[in-house]
There are 2 protein chains.
Amino acid sequence: MATRSPTDTALRHLSPAGATRLLAGWHAGGPAYLALADALRAAVLAGTLAPLTRLPSERELASALGVSRTTTAAAYARLRELGFAVSRVGSGTVAVLPRGGFRTLAPRPVAGDAPAQDPRGTLPDGVRPGREGAAPAAAAGRAASAGRAASAGQAAALRTGSLGTGPDDLLDLAQATPAAPPALHDAFARALEALPAYLGTGGYAHFGIEPLREAIASRYRERGVPTTADQILVTTGAQQAITLLAQTFVGQRDPVVVESPTYYHAMEALRRAGGRLVGVPVGDVEQLESAVRQTRPRLVYLVPDFHNPTGASLDPDRRAAVRALADRYGVTVVGDETLTELAIDPAAAITDPFAGDGTSPHLVTVGSASKTFWGGLRVGWVRADVQVVARLARTRQSMDIATAVLEQLAVIELLGRREELLPGRLAGLRERRDTTVALLRDALPGWHVPTPPGGLCLWVDLGLPVAQAFTAAAGAEGVLVNAGPVFTPDGSARDRVRLTYTRTTEELALAVPALARAWDRVAGRGPAVR
Amino acid sequence: MATRSPTDTALRHLSPAGATRLLAGWHAGGPAYLALADALRAAVLAGTLAPLTRLPSERELASALGVSRTTTAAAYARLRELGFAVSRVGSGTVAVLPRGGFRTLAPRPVAGDAPAQDPRGTLPDGVRPGREGAAPAAAAGRAASAGRAASAGQAAALRTGSLGTGPDDLLDLAQATPAAPPALHDAFARALEALPAYLGTGGYAHFGIEPLREAIASRYRERGVPTTADQILVTTGAQQAITLLAQTFVGQRDPVVVESPTYYHAMEALRRAGGRLVGVPVGDVEQLESAVRQTRPRLVYLVPDFHNPTGASLDPDRRAAVRALADRYGVTVVGDETLTELAIDPAAAITDPFAGDGTSPHLVTVGSASKTFWGGLRVGWVRADVQVVARLARTRQSMDIATAVLEQLAVIELLGRREELLPGRLAGLRERRDTTVALLRDALPGWHVPTPPGGLCLWVDLGLPVAQAFTAAAGAEGVLVNAGPVFTPDGSARDRVRLTYTRTTEELALAVPALARAWDRVAGRGPAVR
């Protein structure tokens with residue numbers, strides 16, 4: 001009788017043609033089988049080849065790449081040695097991430113507390129990038145530990161007596177998660193004072209508690225967008241808002257237009273709903289319109305303000321063009337405003353909100369408290385036409401029912417103190433951005449390192465299409481960054497990496513030299529990472 | 001140029017054949033067109049006909065039901081009069097719920113506070129049932145207000161000067177949401193003391209914070225199920241856990257076996273993932289095995305303890321048979337333990353946990369703090385094989401990233417005080433259950449009203465297949481209950497309604513006579529509700 005193991009149930013498949021695209025330019029020199037193994041490993045670490053993907057057979061891959069079967073067999077054997085593949089009867093060769101435990105969010109060490117652990121959130125083997133795409137890079141550290149030795153990551157792991165199974169000192173320039181402002185604790189304390197009034201209720205607010213819906217609506221009005229509370233759906237973070245939009249608007253094989261590059265987990269949510277992603281260059285409204293005209297998408301997803309990962313904001317003319325396009329084609333255009341409040345350069349502040357005059361039923365905006373205040377607060381929202389809000393709420397009830405009440409009360413407090421809290425947060429980000437940019441430009445003069453006016457990350461041009469190999473090498477040096485292809489629907493942007501600037505100067509003083517070493521190994525004097 | 005309005009993008013369609021099934025036994029007497037309109041309205045109110053569903057054309061429905069087109073035309077006209085349908089060029093006739101605003105979770109009235117509002121959470125027009133399926137019934141109250149007059153619901157609405165657009169006095173026997181225990185506030189206060197240690201982190205714990213994972217694992221160990229923290233994924237409530245399992249295991253048209261009846265929103269989550277639901281009678285392991293053998297489902301979803309809605313628990317032999325079946329067929333069987341701690345009759349306490357000895361990779365359990373403690377706490381969990389946990393976490397990152405940190409800290413407190421808190425909660429539920437059962441048996445001797453040993457609801461046998469009409473009539477009397485078909489994959493159980501017993505004796509003293517009046521109108525002396 002055929003049985004199915006939990007793992008088998010979700011194997012993806014990589015076609016020979018897909019492998020050819022994925023491995024374009026794989027042969028960086030040295031023995032072919034090692035170069036091929038490196039390219040495949042780099043793809044796994046970069047997140048462009050998902051763990052639990054079944055690879056083409058040795059024969060298929062050999063003919064697809066025009067190499068001998070001996071080469072592909074040796075490459076798969078090497079991948080297995082490194083822990084990046086398993087071969088099983090019936091399943092062929094399956095890409096995996098090396099075994100190891102999980103890193104888990106734990107308290108910062110304080111007297112009498114548990115030992116220090118990694119603060120970045122849990123990143124299991126096989127987990128794709130987190131909100132800010134840390135996982136593949138994080139895995140790189142463990143991968144390095146599992147593979148060749150003598151890396152900062154492994155040294156750290158050895159110090160803590162673990163190889164990816166527990167705490168380590170990997171430096172995270174992949175996830176953009178600033179610490180909380182000091183006022184956050186106080187906001188929760190005030191929220192707790194307001195809580196008793198809700199404890200007599202069942203606690204389910206499928207649209208969000210009314211005072212928060214009103215506070216969010218009033219923030220839109222402050223920004224010049226007429227908005228009523230019944231146009232607001234409170235969600236469990238912006239990511240859930242995007243998932244709700246995807247699950248509500250997008251069906252199997254429906255086209256969805258996104259910017260390329262764009263926010264990784266928006267693509268994942270849209271794909272999970274069945275969407276076929278069509279990428280258009282950031283800020284190119286002409287190509288956006290032609291994509292909409294040709295594919296008639298169910299949804300368009302944009303990050304108009306301090307775009308993730310490029311940092312660009314749409315100018316007023318392009319915003320107007322996008323709004324006109326939404327109404328002309330009757331297509332719902334989602335503007336993700338998660339980063340909108342993070343105008344690091346005051347002159348770059350967003351003065352022309354995506355929703356415009358707020359009257360179009362085709363414009364939907366998504367917002368969040370996670371970047372403006374703290375990621376550990378899981379509160380986001382959608383602003384949309386009342387009927388759209390009702391449909392999203394219907395989907396939402398069988399997704400997670402409602403958002404936690406105390407979290408919502410805390411966000412009311414934080415929104416009320418926004419003008420007091422934000423300047424300090426922005427000043428801190430400005431300092432870290434400028435330090436990161438200066439150190440990178442000094443250490444890696446061959447890179448093009450931009451200075452984004454806002455947001456949380458740098459979209460660096462390496463000048464060479466080796467992003468995956470560099471990401472793997474950086475991981476081996478103990479630094480987490482994300483390869484450009486993670487952020488594109490088609491795996492392009494191989495010459496880009498995304499680095500975040502939420503780390504301290506002390507951390508950067510360790511991370512940047514490590515990145516320079518990794519770069520030397522991938523593009524410079526040393527051999528390609530292996 | 002064709003444009004698509006946000007509403008058009010998600011219209012469901014009701015086929016003539018589907019209409020025939022849905023309307024079986026629709027002709028309860030009186031003019032055919034009125035009976036047909038009533039049956040359709042009742043289906044909308046019962047949640048068996050989703051708002052925004054496009055109905056068959058008048059001609060199609062007429063031939064499907066074997067009536068004249070005049071009858072179907074008049075029935076649709078009547079539905080439009082009542083506000084339950086709209087007709088639009090291009091969209092034909094679409095079922096809707098009458099316009100009206102949203103009811104929103106708001107503070108209980110206290111001196112100097114906002115006016116009293118409905119405590120049940122927001123239930124917009126068009127929203128399907130909430131966690132405990134309140135929406136269709138809630139809509140019934142508004143529908144009645146929008147439709148015929150002289151109902152308690154409308155009277156209440158008139159007293160508060162609103163017709164479904166704000167506060168009203170509808171009595172909710174549909175949603176099972178007990179108020180929070182007094183200790184909840186204290187648990188949050190203690191959690192707040194532990195929060196500072198996390199504020200220096202990014203706040204994203206994709207698997208949950210380690211102390212909570214350990215606390216949950218230790219609760220399983222207390223129950224006799226060996227469990228390690230890395231087998232636990234903390235989720236944003238049990239509903240998200242079910243959604244994650246559905247999105248991870250179930251693909252388009254994959255068969256999924258569920259009990260019939262079962263928890264409404266589990267069915268919704270499984271359907272959204274593409275699952276084809278196959279129902280088997282509650283507790284019938286033989287039929288369960290034959291369904292598994294014949295359909296080879298991706299997933300089996302069961303509520304083994306104090307089953308929702310029947311209240312039944314699987315006996316030890318059947319549990320053993322289910323475990324053996326999971327391993328024999330290699331099928332993942334999910335046991336939803338959301339209600340497991342709610343053993344109202346101490347003798348009924350669950351002593352044989354669903355996961356058994358905890359060794360099977362095919363058994364997955366889902367748990368929650370929402371019913372044991374409070375619905376406004378949005379924390380649940382999955383216990384599964386480490387590899388399954390890793391796969392769920394990967395899905396989870398693009399669903400909502402992580403669960404709020406303070407919520408998790410509060411649940412650690414509450415789990416630690418479980419033995420102190422639970423007896424009071426169970427005593428309160430026992431009193432309400434017994435009062436509800438006694439009042440119903442006295443007022444409605446023709447019903448079969450069981451006394452479930454645990455859980456939160458009664459699965460009442462009306463003795464007549466008029467559940468939808470009765471639900472509509474009860475709504476018109478201002479009382480919210482759910483029709484049996486809401487809980488079955490095939491719309492059966494027309495002779496059942498689900499009532500919850502989380503209301504006070506005072507509320508019940510109003511609700512039960514109203515239910516008796518509704519029953520008289522549907523099954524007794526009066527005409528069918530119109």
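Residues numbered from 1 in each chain as written. Chains lettered and ligands numbered in written order. Predicted model: local features only at pLDDT ≥ 70, side-chain atom pairs only at ≥ 80, totals over all residues. Heavy atoms only, no water.

### Focus on the sheet that holds strand β10 (residues 332-336) of chain B
In any sheet, the strands associate via hydrogen bonds between backbone groups, in a parallel or an antiparallel arrangement. Residues and elements named next belong to chain B. A sheet is described by the order of its strands in space; here 7 strands give the open sequence β6-β12-β11-β10-β9-β7-β8, paired in mixed fashion. Both edges of this open sheet fall to β6 (232-235) and β8 (276-281), since each of them pairs with a single strand only. Taking the axes of each pair of neighbouring strands and ignoring which way they run, one obtains an average angle of 20° across the sheet. Its contacts with the sheet put helix α9 (residues 210-222) on β6, β11 (363-368) and β12 (380-383), and the angle it makes with β6 is roughly 115°. (Pairing = 2+ DSSP bridges. Helix = DSSP H or I, 4+ residues; strand = E, 2+ residues; numbered from the N terminus. Axes fitted to C-alpha atoms, helices over the stretch in contact; angles between N-to-C directions. Contact = heavy atoms within 4.5 Å.)

### Concerning the packing of aromatic side chains
On inspection of all chains with the given rule, the structure shows 8 aromatic pairs over all chains. Each ring, one from A:W459 and one from A:F487, has its centre 5.8 Å from the other, and the planes form 85°; the classification is edge-to-face. Here A:W459, found in strand β13 (residues 457-461), pairs with A:F487, found in the loop between β15 (482-483) and β16 (496-500); they are 28 residues apart in sequence, far enough to count as distant. Classification of A:F487 by relative accessible area gives buried; the value is 1%. When the ring of B:F470 is compared with that of B:W519, the centres are 5.7 Å apart and the planes differ by 75°; the resulting orientation is edge-to-face. Note that B:F470 is positioned in helix α17 (residues 467-476) and B:W519 in helix α18 (residues 505-523), a separation of 49 residues in sequence. There is no split in this pair, since B:F470 and B:W519 are both buried. Joined through ring pairs, the aromatic side chains of A:W447, A:F470 and A:W519 make up one cluster. The ring of A:F249 has A:R391 lying over it, and the distance from NZ or CZ to the ring centre is 4.8 Å. (Phe/Tyr/Trp six-rings, centres within 6.5 Å; stacked < 30°, edge-to-face > 60°. Buried < 20%, exposed > 50% of the residue type's maximum accessible area, 1.4 Å probe, protein only. Lys NZ or Arg CZ within 6 Å of the ring centre and 35° of its normal.)

### Looking at the sheet that holds strand β15 (residues 482-483) of chain B
Residues and elements named next belong to chain B. Across the sheet, which stays open at both edges, the 3 strands sit in the order β13-β16-β15 with antiparallel pairing between neighbours. Edge positions in the sheet fall to β13 (457-461) and β15, since each has one partner strand and no second. Bridge analysis of β13 against strand β16 (residues 496-500) gives 5 bridges, and the strand direction is antiparallel. Each bridged residue has a counterpart across the sheet, and for D461 the counterpart in β16 is R496.

### Some thoughts on the pairing of β11(B)
Regular strands have side chains that alternate between both faces of the sheet. Residues and elements named next belong to chain B. In terms of residue burial, β11 counts as a mostly covered element, since 6 of its 6 residues are buried. Judged by which residues are buried, β11 turns out to be covered on both faces: L363, T365 and G367 on one side and V364, V366 and S368 on the other are all buried. Relative to β12, β11 is paired through 4 bridges, and the arrangement is antiparallel. Directly across from T365, in β12, lies its bridge partner R383.

### Some remarks on the environment of B:V94
Residues and elements named next belong to chain B. Structurally, V94 is set in strand β4 (residues 92-95). V94 gets classed as buried once you look at its relative accessible area, which sits at 2%. Counting along the chain gives 39 residues from V94 to L55, while the straight-line C-alpha distance between them is 5.7 Å.

### Some details on a positive patch on the surface
A cluster of basic residues, A:R253, A:R276, B:R253 and B:R276, forms a positive patch on the protein surface. Along the polypeptide, B:R253 turns up in the loop between α10 (237-249) and β7 (255-260). The class of B:R253 is exposed, set by a relative accessible area of 55%. (Patch = residues over 30% accessible without salt bridge, like charges linked within 9 Å, V, L, I, M, F, W, Y side chains within 5 Å. Areas by Shrake-Rupley, 256 points an atom, 1.4 Å probe, with all protein chains shown as cover. Salt bridge = Lys/Arg side-chain N within 4 Å of Asp/Glu carboxyl O. Lys, Arg positive; Asp, Glu negative; His and termini not counted. Charge placed at Lys NZ, Arg CZ, Asp CG, Glu CD.)

### What about α17(B)?
Residues and elements named next belong to chain B. When you tally the buried positions in α17, you get 9 out of 10 residues, the bulk of the element. Turning to α17, its buried residues number three or more, namely A467, Q468, F470, T471, A472, A473, A474, G475 and A476. Just downstream of α17, G478 is the residue with a positive phi angle, here 90°.

### Details of the pattern of salt bridges
Taken as a whole and assessed by the stated rule, the structure comprises 47 salt bridges over all chains. Residue A:R396 is joined to A:D400 by a salt bridge in which the shortest nitrogen-to-oxygen separation is 2.8 Å. By the burial criterion, A:R396 is buried, and A:D400 matches it. Between A:E507 and A:R503 there is a salt bridge whose closest N-O contact spans 3.3 Å. In this structure, a network of salt bridges that share partners links the residues B:R219, B:E222, B:E341, B:R418 and B:E419.

### Some thoughts on the nonpolar core
In terms of nonpolar packing, the biggest core is built from 72 residues, with A:L184, A:L195, B:L184 and B:L195 touching the most fellow members. Not counting residues within four places of it along the chain, the set of residues in contact with A:L184 comprises A:F373, A:W374, A:L377, A:L414, B:L195 and B:L199. Core analysis: the next-biggest nonpolar cluster, separate from the first, contains 70 residues, A:A241, A:M399, B:A241 and B:V382 among them. (Core = buried A, V, L, I, M, F, W, Y, C linked by side-chain atoms within 4.5 Å.)

### A word on the packing of helix α17 (residues 467-476) of chain A against helix α18 (residues 505-523) of chain A
All names here are of chain A. Where α17 meets α18, the axes come as close as 8 Å, and the angle between the chain directions of the two elements is 135°. Our classification of the angle between α17 and α18 gives oblique. By crossing handedness, the relation of α17 to α18 is classed as right-handed. Along its contact with α17, which presents A469, F470, A473, A474 and A476, the element α18 presents L515, A518, W519, R521 and V522. Of the residues assigned to the contact of α17 with α18, the class counts are 9 nonpolar, no polar and 1 charged. (Parallel < 35°, antiparallel > 145°, perpendicular 65-115°, else oblique. Left-handed = near helix turned anticlockwise from the far one by under 90°. Nonpolar A, V, L, I, M, F, W, Y, C, P; charged D, E, K, R; others polar.)

### Topic: unusual backbone geometry
Going from A:S260 to A:P261, the amide bond is cis rather than trans, its omega being 5°. Mapping A:P261 onto the fold places it in the loop between β7 (255-260) and α11 (264-272). Phi at A:R296 is positive, roughly 45°, even though this residue is not glycine. With respect to the secondary-structure elements, A:R296 resides in the loop between α12 (285-295) and β9 (299-302). Positive phi values are uncommon outside glycine, yet B:A493 reaches one of about 70°. Tracing the backbone through its elements, the reader meets B:A493 in the loop between β15 and β16.

### Things to note about the environment of B:G380
All names here are of chain B. Here G380 is to be found in strand β12. Taking the C-alpha atoms as reference points, G380 and R433, 53 residues apart in sequence, are found 25 Å from one another. Look past the residues within four positions of G380 in its chain and what remains in contact with it is L233, V234, T235, T236, G237, A238, G367 and S368.

### Here's the deal with helix α7 (residues 183-194) of chain B
The first and last C-alpha atoms of α7(B) sit 17 Å apart over 12 residues, in line with the 16 Å expected at 1.5 Å per residue. Considered for burial, the residues of α7(B) that qualify are B:A183, B:L184, B:A187, B:F188, B:A191 and B:L192. (Expected span 1.5 Å × (residues − 1).)

### What to know about the packing of helix α16 (residues 418-443) of chain A against α18(A)
All names here are of chain A. Their axes nearest at 10 Å, the elements α16 and α18 cross at an angle of 25°. Compared by their axis directions, α16 and α18 come out roughly parallel. Helix-helix and strand crossings are classified by hand; for α16 and α18 the assignment is right-handed. In this structure, α16 uses E431, R432, T435, T436, L439, L440 and A443 to contact α18, whose residues at the interface are T505, L508, V512, L515 and A516. Of the residues contributing to the contact of α16 with α18, the split by class is 7 nonpolar, 3 polar and 2 charged.

### Re the side chain of B:T502
Residues and elements named next belong to chain B. As for its position among the elements, T502 is in the loop between β16 and α18. Under the relative-accessibility criterion, T502 is labelled buried at 3%. A polar contact is formed between the side chain of T502 and the side chain of R503, at a distance of 3.4 Å. Ignoring anything within four residues of it in the chain, the contact list for T502 reads Q175, A176, T177, P178, L429, R432 and L456. (Polar contact = N/O pair within 3.5 Å; in protein donor to acceptor, adjacent residues only side chain to side chain.)

Function cannot be inferred from these measures alone, as they are strictly geometric.
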